[in-house]
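Chains, contacts and geometry: an overview
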Amino acid sequence: MSDAEWDLLRSLLPTSSTGRPRLDDRTVLNGIVGKFRAGVAWRDVPERYGSWTTLHNNTLLLDAR
């Protein structure tokens, strides 16, 4: 994701000041986009993007918005 694309999307993401520290949103979003581009299962997304459950749960949260 380019810096310009990230600047547009950053303001749309939720912020959290309580609970467990969030993973880097840009990394998670890159993992979600990469999953759909590659057409792989959630469990096959590389670990560098975070756990597959984190990516999946964030997709569900974004879809609910």
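Residues numbered from 1 in each chain as written. Predicted model: local features only at pLDDT ≥ 70, side-chain atom pairs only at ≥ 80, totals over all residues. Heavy atoms only, no water.

Considerations on the confidence of the model for the chain
Heads up, the rule is: The quantity called pLDDT is the predictor's confidence in a given residue, expressed from 0 to 100. A helix here means a DSSP run of H or I that spans at least four residues, while a strand means a run of E at least two residues long, and both kinds are numbered starting from the N terminus.
On average, the chain scores 85 in pLDDT, and the residues at 70 or more come to 95%. The least confident element of the chain is helix H3 (residues 52-64), whose mean pLDDT is 82; the most confident is helix H2 (residues 25-38), at 91.

Some details on the packing of aromatic side chains
Going by this rule: For Phe, Tyr and Trp, rings pair up if their centres lie within 6.5 Å, where Trp contributes its six-membered ring, and each pair is then called stacked (planes under 30 degrees apart), edge-to-face (over 60) or tilted (otherwise). For each residue, the accessible area found with a 1.4 Å probe, counting protein chains only, is set against the maximum for its type, and the residue is called buried under 20%, exposed over 50%, and partly exposed in between. As a reminder, the over-ring test applies to NZ of lysine and CZ of arginine, requiring each to be within 6 Å of the ring centre and within 35 degrees of the ring normal.
What the rule picks out here adds up to one aromatic pair. For the ring pair Phe36 and Trp42, a centre distance of 5.8 Å and an interplane angle of 85° mean the geometry is edge-to-face. Since its relative accessible area comes to 52%, Phe36 is described here as exposed. Over the aromatic face of Phe36 sits the side chain of Lys35, whose NZ or CZ is 4.9 Å from the ring centroid. Positioned over the ring face of Trp42 is Lys35, at 5.0 Å from the centre of the ring.

Section: the side chain of Thr59
How we decide: In what follows, residue pairs with any heavy atoms lying within 4.5 Å of each other are defined as contacts.
Counting through the fold element by element, Thr59 comes out in helix H3. Overall, the relative accessible area of 18% leaves Thr59 in the buried class. Beyond its immediate sequence surroundings of up to four residues, Thr59 is in contact with Ile32, Phe36 and Trp42.

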